[in-house]
Amino acid sequence: MGYVKNVTSKGCFIMLSRKLDARILLANLSDGYVEKPEREFPVGKLVSGSDENLKCRVLSVEPLSQRIEVTLKTSSATSVMNSRANDFSSILVGDIISGTIKRVESFGLFITINETNMVGLCHKSELSDDLITNIEAKYKVGDRVTAKILKVDEERHRISLGMKNSYIKEPTQENGFDDGTQLSTFLENNSHEIQNLDIEYEDEEYPVLSQAESRASILPLEVDFDDVDHSRLDDTVSQNQILTNEANTMDEKNKRQAKKKAKEKREQEIRAAEERLMQNDAPRTADEFEKLVRGSPNSSFLWIKYMALMLSLADIEKARSMAERALRTINIREESEKLNIWTAYFNLENEYGNPREEAVMKVFQRALQYCDPKKVHLALLGMCERTEQHKLADELLEKMTKKFKHSCKVWLRRIQLFLKQHQDGVQSVINRALLCLPRHKHIKFITQTAILEFKSGVPDRGLSMFEGMLREYPKRTDLWSVYLDQEIRLGDVDIIRALFERAINLSLEPRKMKFLFKKYLEYEKSQGDEERIESVKRKALEYANSTLA
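Residues numbered from 1 in each chain as written. Predicted model: local features only at pLDDT ≥ 70, side-chain atom pairs only at ≥ 80, totals over all residues. Heavy atoms only, no water.

Caption draft 1: View of the environment of Ile24. With respect to the secondary-structure elements, Ile24 resides in strand β3 (residues 21-25). Here the alpha-carbon distance between Ile24 and Cys56, two residues 32 residues apart in the chain, equals 9.7 Å. (Helix = DSSP H or I, 4+ residues; strand = E, 2+ residues; numbered from the N terminus.)

Right, dumping it as structure tokens:
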């Protein structure tokens, strides 16, 4: 005997002693269906094994965890209920059943068939004759629904259901009753004949009626605890639960991916809308900008336009206050948006600060505390290059090459500035960079430096860099491709064709050779020389034949 200690929708716990509790699952509370356990088993109620109405039996005992499970059901009723509640032969394809929605998913509904433990799936394509875009908004867990059994797979223990109106109305139309009123009228008019009917049937003689009787005798719904030992559950219930959990896991993963994509798409739409708004109907007053920044507080685009409005009104202090307000308002996670504001702040102080350099450096030192130092240095360097402050840019780059000596981007910016100013000593900077940079960045650095030499410096130095790399890495088609692109940009046909001939005579794998032949053919087509085009095709065919041989 014991007292009810706690009651939930899944069962209750009874206190056997001060240190010992026992669990009773909802399915084991009664031989029948218990709709509201809280009402029938209130806290403090005495549950006794000697009570005729509440015969308590111990089902299992776990000594280590001191977990005891008991039941209030009779053994005969339990076996009958389990056998009937999970009998797939009691349902037939075409039957109209009633049930309760157990779970709502994006791909359909899981419906518990009334008075059974069986769960069927109604796919979203079978929910309605009309298109349903949002299942979660239309159906809720616990809703009572009517469905038709479309398919029963006893081996896999799966039931397919359909809830379309065309499915539900079929039996009504076949019997000739359009609604409940006509049916009741028919029964009233023929009550005398129905009462006089004396139909005796046996299972062998009338199998349909026998099946109908067995369906009518199915006992009420049972729901188990989530942590119940599945080894004692019926195989059908276990497999249905596994199927539901697998579908739920896949759907949660799809939901997370869809939510992430939807968020990114939404951000792009908001940004595009903001840009269209600024272009087509640009706000002209502070009040209009206030409305916009309240709607999109993390948009650096709007804040910078707001600062520009204040500058157009010659209100420098107001523009500064807008920059400070933006830095306080934008979320700390939006680092790129904050960096845009700091960059605009640099430009503001560079234009209107007094003294200019001191004001810029003051803002720069503040920005270093809140953003990535490397990005802040690069932002200030970009401002110096745009405003042609070469002295400040040189000083900044000198500091950056010491502070960020392992950054390929910083060294490339240093070389780019040297080439633009036509300064000597580029080779010494390259040698210094190769000493500081990690070895895995050397190819990238030399390639980008050679491209800068082709564009802004001395092409011969770029050529010698590419040749040196190709001697060390002759099978890297990415290097060949970049080298060819730079020579094609210069336009020396003889050198380009000689370089292509060298490339296609290499011993590379077919995939890489195909790339080189294709690039050679495209170049000759751009030159319009038919003889050369045929020559390239012939060489490609010869290579293919030799490879196959």
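Now that the structure has been shown, we can carry on.
Caption draft 2: A look at helix α11 (residues 316-329). Taking 1.5 Å per residue, 14 residues should reach 20 Å; α11 reaches 20 Å between its end C-alpha atoms and fits that length. Buried residues belonging to α11 abut α10 (300-312) and α12 (335-352). Its side-chain oxygen 3.1 Å from the backbone nitrogen of Lys318, Asp315 forms the N-cap of α11. (Expected span 1.5 Å × (residues − 1). Contact = heavy atoms within 4.5 Å. Polar contact = N/O pair within 3.5 Å; in protein donor to acceptor, adjacent residues only side chain to side chain.)

Caption draft 3: Spatial organisation of unusual backbone geometry. Going from Asn354 to Pro355, the amide bond is cis rather than trans, its omega being -5°. Summarising the element assignment, Pro355 is placed in the loop between α12 and α13 (356-370). The backbone of Ala314 shows a phi angle near 65°, a positive value even though the residue is not glycine. Mapped onto the elements, Ala314 comes out in the loop between α10 and α11.

Caption draft 4: View of the side chain of Lys519. Along the chain, the position of Lys519 falls in helix α22 (residues 510-527). Residue class for Lys519 comes out buried when judged on its relative accessible area of 17%. (Buried < 20%, exposed > 50% of the residue type's maximum accessible area, 1.4 Å probe, protein only.)

Caption draft 5: Geometry of the packing of aromatic side chains. One pass over the structure, following the stated rule, counts 10 aromatic pairs. Taken together through their ring pairs, the aromatic side chains of Trp342, Tyr345 and Tyr370 make up a single cluster. A cation sits over an aromatic face here: Lys45 above Phe41, 5.0 Å from the ring centre. (Phe/Tyr/Trp six-rings, centres within 6.5 Å; stacked < 30°, edge-to-face > 60°. Lys NZ or Arg CZ within 6 Å of the ring centre and 35° of its normal.)

Caption draft 6: Representation of the pairing of β3 in the model. Summarising burial for β3: four of the five residues are buried, a large majority. Of the pairings in the sheet, the one linking strand β2 (residues 11-15) to β3 comprises five bridges and is antiparallel in character. Paired with Met15 across the strands is Asp21, a residue of β3. Here β2 hands over to β3 after five residues, the two strands then running antiparallel side by side. With two bridges joining them, β3 and strand β6 (residues 67-71) adopt parallel strand pairing. Residue pairing across strands places Arg23 opposite Glu69, the latter belonging to β6. (Pairing = 2+ DSSP bridges.)

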